[in-house]
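This is what each chain is made of:
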Amino acid sequence: MALKVGIQLYSVRDEMKKDPINAIRQVAEIGYKNLEFASSNADTDPGVGFGVSVENMQKLLKETGANLISGHIRPINEETIDPMIAYHTQVGTKYLGQSADFYTGYDQLMERCEYYNWAGKKLSEHGIKFLIHNHYHEFQKLNGKEILFHIMDNTDPNYVSFELDTFWAMRGGMDPLAVMDRLGDRLKLIHQKDFSKTSDSPINLWTVNDPNVLVTWDSFGKGSDHKDFCEIGTGIMDIQSIINKGNELGAEYIVLEQDHTQLTQMESVRISMDSFHKFSGLDW
């Protein structure tokens, strides 16, 4: 089985804000048929975050031949999870998770692991898997071990899977391939972007941030710049090796997430699609 190419719709967030239906039509026309959404207002919208009803999403997916494979959504709690399940079982979403947590210490991390297990168990009862997505700060160490691997070791593999962002793993001082190996068959999705050849920023953010001081939302951006991000295949990352490793481990999707671009968002994702077609081991 070859990794299927997808897109995190955050990559075209400006277009999604203007007209989510048209934005999805455009990315599907470009060739992205496996869609992942991002929403931070699940308390008012249990769907994809732009007021798109179940019925309209079903019609749109049928019209474009696309699939809603995954979503980053928050908050997931006792009040939001049942409407969320009702929406996403109807449109066929396979994975739900959240984009980032920030940790204040080991005890709070363990509390979050209990929450991940709770959310994962509840979703699994309806055929949806819960995903953990990383940035660089999950590769800080607590009690001698990286946060991401604490999460891995303290969550139930039946309920909690992983979506590895290889760019952020690299910027957390890790070898993305080694992290993929460590996650093994719990690695279900890969987030892919690229690091610019012309960036002045350090690749390893721990060269400018103290690894002993836990990263917060406010300190997250230190050492990073929007110009660090570039389109797939135009930067320094060995994306073919990531694809090969993902296929070796049985991951399902490799998902473009373009955090920032120097181009228009639609132009950016089109260039990345052109580059994806130059790699082997992929499907659409």
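Structure's up top.
Residues numbered from 1 in each chain as written. Predicted model: local features only at pLDDT ≥ 70, side-chain atom pairs only at ≥ 80, totals over all residues. Heavy atoms only, no water.

Things to note about the pattern of salt bridges
Oppositely charged side chains can pair when the atoms bearing their charge come close.
Part 1 of the reasoning: Under the defined criterion, the tally for this structure stands at 14 salt bridges.
Part 2 of the reasoning: Note that Lys193 is salt-bridged to Asp165, the shortest N-O span being 2.6 Å. Of this pair, Lys193 sits in the loop between strand S9 (187–192) and strand S10 (194–195) while Asp165 sits in strand S8 (residues 160–165), and the two are 28 residues apart along the sequence. Exposure class is identical for Lys193 and Asp165. Each is buried.
Part 3 of the reasoning: The residue Asp259 makes a salt bridge to Lys193 at a minimum N-O spacing of 2.8 Å. Here Asp259 is found in the loop between strand S12 (253–256) and helix H10 (265–276), whereas its partner Lys193 is found in the loop between S9 and S10, with 66 residues between them in sequence.
Part 4 of the reasoning: Assessed through its relative accessible area of 9%, Asp259 is described here as buried.
Part 5 of the reasoning: Ionic contacts of the salt-bridge type, sharing partners, join the residues Asp165, Lys193, Glu257 and Asp259 into one network. (Salt bridge = Lys/Arg side-chain N within 4 Å of Asp/Glu carboxyl O. Helix = DSSP H or I, 4+ residues; strand = E, 2+ residues; numbered from the N terminus. Buried < 20%, exposed > 50% of the residue type's maximum accessible area, 1.4 Å probe, protein only.)

Looking at the environment of Leu142
Part 1 of the reasoning: Summarising the element assignment, Leu142 is placed in strand S6 (residues 141–142).
Part 2 of the reasoning: Measuring from C-alpha to C-alpha, the distance between Leu142 and Phe50 comes to 37 Å, with 92 residues separating the pair along the chain.

Focus on the side chain of Asp165
Part 1 of the reasoning: Residue Asp165 is classed as buried on the basis of its relative accessible area of 0%.
Part 2 of the reasoning: A polar side-chain atom of Asp165 sits 3.1 Å from the main-chain amide nitrogen of Trp168.
Part 3 of the reasoning: Among residues more than four places away in sequence, those in contact with Asp165 are His133, Asn134, His191, Lys193 and Glu257. (Polar contact = N/O pair within 3.5 Å; in protein donor to acceptor, adjacent residues only side chain to side chain. Contact = heavy atoms within 4.5 Å.)

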